[in-house]
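# Report on the structure
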Amino acid sequence: MPDNLLEIRNLHKSYGEVEVLKGVDCSMKQGDVVSIIGSSGSGKTTMLRCINMLEEFQGGSISIDGQEIGYEMVGGQRRRKKEKEIARQRALTGMAFQQFNLFPHMSAVHNVMLGLVKVKKLDRDEARTIALKWLDRVGLLARADHFPGQLSGGQQQRVAIARAIAMNPRLMLFDEVTSALDPELVNEVLQVIKTLAQDGMSMLLVTHEMRFAYEVSNRVIFMNQGLIGEEGNPRDMFHKPQSERLAEFLKTSSFS
Amino acid sequence: MGYTLNFAAVWRSFDDLLLGLALSLALAFGSILIGAVIGLCTAFGLISKNGLIKRPAGVYVSIIRNTPILVLVLFTYFALPQWGLRLGKIESFVFTLALYSGAYLAEVFRAGLLSIPAGLREAGLAIGLTEMQIRTSIIAPLMFRNILPSLGSTIISLFKDTSLAAAIAVPELTFETRKINVETFRVIETWMVASCLYVFTCSILAALMRIVERRLALPR
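All figures in this text were calculated on a predicted structure; none of them were measured in a lab. (Residues numbered from 1 in each chain as written. Chains lettered and ligands numbered in written order. Predicted model: local features only at pLDDT ≥ 70, side-chain atom pairs only at ≥ 80, totals over all residues. Heavy atoms only, no water.)

### Observations regarding the overall build of chain A
Defined as follows: Labels follow the DSSP assignment, with helices taken as runs of H or I lasting at least four residues and strands as runs of E lasting at least two, numbered in each case from the N terminus. Remark: exposure states derive from per-residue accessible area (1.4 Å probe, protein chains only) relative to the maximum for the residue type, with buried under 20%, exposed over 50%, and partly exposed in between. Contacts are assigned to residue pairs with any non-hydrogen atoms lying within 4.5 Å of each other. Note that accessible areas follow from Shrake-Rupley with a 1.4 Å probe, and for residues the cover is restricted to the protein chains shown.
Looking only at helices and strands, one finds nine helices and 12 strands in chain A. Judged by the C-alpha coordinates and their principal axes, chain A covers about 55 × 50 × 35 Å. Counting over 256 residues, chain A shows a buried share of 55%. The contacts of chain A with a sequence gap of at least 6 include a subset with a gap of at least 24, amounting to 63%. Total accessible area on chain A is roughly 11,400 Å²; 46% of this is exposed by carbon and sulfur atoms.

### A word on unusual backbone geometry
Residue and element names in this part refer to chain A. Residue Asn101 is not a glycine yet carries a positive backbone phi of 55 degrees. Examined against the element boundaries, Asn101 turns out to sit in the loop between strand 8 (93-96) and helix 3 (108-118). The backbone phi angle of Asn168 is positive, close to 60 degrees, even though this residue is not glycine. Locating Asn168 in the fold gives a position in the loop between helix 5 (153-165) and strand 9 (171-175).

### Digging into the pattern of salt bridges
The cut-off we apply is this: In what follows, salt bridge is the name for a side-chain nitrogen of Lys or Arg lying within 4 Å of a carboxyl oxygen of Asp or Glu.
All chains considered together, the criterion is met by 18 salt bridges over all chains. When the shortest N-O distance is used, the salt bridge between B:Glu122 and A:Arg49 registers 2.7 Å. You can see B:Glu122 sitting in helix 6 (residues 118-126) and its partner A:Arg49 sitting in helix 1 (residues 44-51), one on each of two chains. Its relative accessible area of 16% is what places B:Glu122 among the buried residues.

### As for a nonpolar patch on the surface
For the record, the criterion: Residues form patches when they are more than 30% accessible in relative terms and have no salt bridge. Like charges link within 9 Å. Nonpolar side chains (Val, Leu, Ile, Met, Phe, Trp, Tyr) link within 5 Å.
The grouping of B:Tyr3, B:Leu5, B:Val187, B:Ile188, B:Trp191 and B:Met192 at the surface amounts to a nonpolar patch, some 510 Å² of accessible area in total. The exposure class assigned to B:Trp191 is partly exposed, which follows from its relative accessible area of 30%.

### Considering the interface of chain B and chain A
Interfaces are often sized by the amount of accessible area the parts lose when they come together. How we decide: Accessible area that two parts lose when put together, evaluated with a 1.4 Å probe and summed over both, is termed the buried area. In the scheme used here, Gly and all other residues not listed as nonpolar or charged are polar, with Ala, Val, Leu, Ile, Met, Phe, Trp, Tyr, Cys and Pro taken as nonpolar and Asp, Glu, Lys and Arg as charged.
Contacts between the two partners involve 20 residues from chain B and, on the opposite side, 25 residues from chain A. Both sides together, the interface formed by chain B and chain A hides about 2,000 Å², and carbon and sulfur atoms give 69% of it. Scanning the region where chain B abuts chain A turns up one salt bridge. At the level of elements, helix 6 and helix 7 (131-161) of chain B are the ones that each hand at least two residues to the side of chain B that touches chain A. If one sorts the elements of the side of chain B that touches chain A by residue count, helix 6 of chain B sits on top with seven residues. In terms of residue class, the side of chain B that touches chain A is made up of 11 nonpolar, six polar and three charged.

### A closer look at the packing of aromatic side chains
The following threshold applies: Each aromatic pair joins two rings of Phe, Tyr and Trp (for Trp, the six-membered one) with centres within 6.5 Å, and gets the label stacked for planes under 30 degrees apart, edge-to-face for over 60, and tilted for any other angle. In this scheme, the term charge over a ring applies when either NZ of a lysine or CZ of an arginine sits within 6 Å of the ring centre and within 35 degrees of the ring normal.
Going through the model one piece at a time under the given rule, you end up with nine aromatic pairs over all chains. For the ring pair A:Phe57 and A:Tyr71, a centre distance of 4.8 Å and an interplane angle of 75 degrees mean the geometry is edge-to-face. In this pair, A:Phe57 sits in the loop between helix 1 and strand 4 (59-64) while A:Tyr71 sits in strand 6 (residues 71-74), placing the two residues 14 residues apart along the sequence. A ring pair is formed by B:Phe75 and B:Trp83, whose centres lie 6.2 Å apart and whose planes are at 70 degrees; its orientation type is edge-to-face. According to the relative accessible area criterion, B:Phe75 is partly exposed, its value standing at 41%. In textbook terms, an aromatic cluster arises when at least three aromatic residues are bridged by ring pairs, as seen for B:Phe7, B:Trp11 and B:Phe14. The lysine or arginine in question, A:Lys13, covers the ring of A:Tyr15, its NZ or CZ lying 4.4 Å from the ring centre.

The structure is reproduced here in structure tokens:
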């Protein structure tokens with residue numbers, strides 16, 4: 001068993017001529033809660049999306065539990081793995097999106113069940129039991145049969161988190177999950193994430209909620225222009241920033 | 001003037017008209033069903049990034065859409081046998097109308113596919129679904145709901161196109177009407193009754209589509 005749950009080495013990613021990740025190194029241990037902060041365009045969301053291959057990357061490597069994600073070397077050539085294999089690897093991580101992305105034609109419980117039935121191949125009764133258990137955990141058991149259009153943004157995001165975590169991923173990825181929410185709905189979602197963190201779920205969060213990052217994470221990464229600018233425990237990062245850039249960023253962000 | 005309407009002759013052959021109408025509906029139903037499969041595959045082709053898939057799909061759609069359907073019907077029935085593809089009248093017409101509806105439905109489906117937010121596909125990928133599972137469980141059902149209004153009018157217009165089968169003597173409603181007309185010389189009455197049957201059937205189809213639309217509407 002390798003020590004690190006997540007190991008990112010020298011990650012490079014560009015869109016055409018524009019290089020957005022310029023050699024990122026990062027590792028996480030089981031149970032770590034890591035927040036990625038930084039101004040928009042710094043590459044934090046892109047890095048998250050590379051981890052589950054929603055974005056292709058041109059250089060470097062990502063591995064989860066020692067398993068190389070997305071690419072393999074065949075005869076000295078770097079090659080994208082087969083779609084089936086990539087789909088299987090994606091199930092190692094769960095992801096919650098800024099826009100929730102619930103399937104609008106399925107009730108809450110069916111949203112959570114879909115992956116359990118189609119990917120984990122559980123029978124429907126078993127899948128339903130697991131789905132209801134997770135909806136209960138996010139406080140939405142009573143809304144199990146509601147459709148996304150009948151739920152508030154905060155409720156939709158909690159269903160989306162339940163959908164991801166019901167798959168029993170090794171690592172949860174949260175991509176600015178509160179950015180599209182009305183201010184009064186942010187807290188219920190953060191509360192759910194906090195509970196998951198306390199239960200020992202490993203997670204990597206891209207967030208603009210500085211106060212939340214401070215409270216929930218055991219490590220914070222500051223990304224700047226496609227590179228990791230600074231990282232450390234939240235107390236040092238927020239109270240004694242080493243770099244000019246981070247100090248500047250914290251001054252303009254909501255943390256106080 | 002002195003033309004007095006007399007429907008007696010038409011009523012005497014009314015059963016033939018109804019049988020013709022039944023065949024018209026069967027032709028439409030069979031062709032649209034096959035056409036929907038062709039159309040769906042073509043639509044995925046049209047939005048594909050792979051030129052080897054996208055281009056043939058585009059060529060197929062533009063050839064079919066830029067040829068009058070009557071020409072296609074005659075071509076399939078009279079010209080293809082010269083190349084050794086000999087089909088019966090009904091098979092030949094269903095083949096043609098299926099190809100024809102495939103091209104029109106492909107455009108309808110394509111518009112429906114483009115209306116689905118990319119985030120849903122990503123959410124599917126993120127829980128480990130394959131592209132095929134995403135298409136069948138997420139994209140197709142949503143697309144189907146989105147396109148129901150335009151699908152309804154396409155279906156009705158394809159049903160009306162079955163009247164062109166009369167050109168190759170398929171005994172559907174228009175052909176039967178013409179036969180009765182020739183036998184009885186009740187020109188106004190026969191075509192009036194036939195028109196009413198078409199209008200009536202199309203209204204029923206439209207009403208059915210509205211019911212489907214209402215039943216599939218997502219709760220909000």
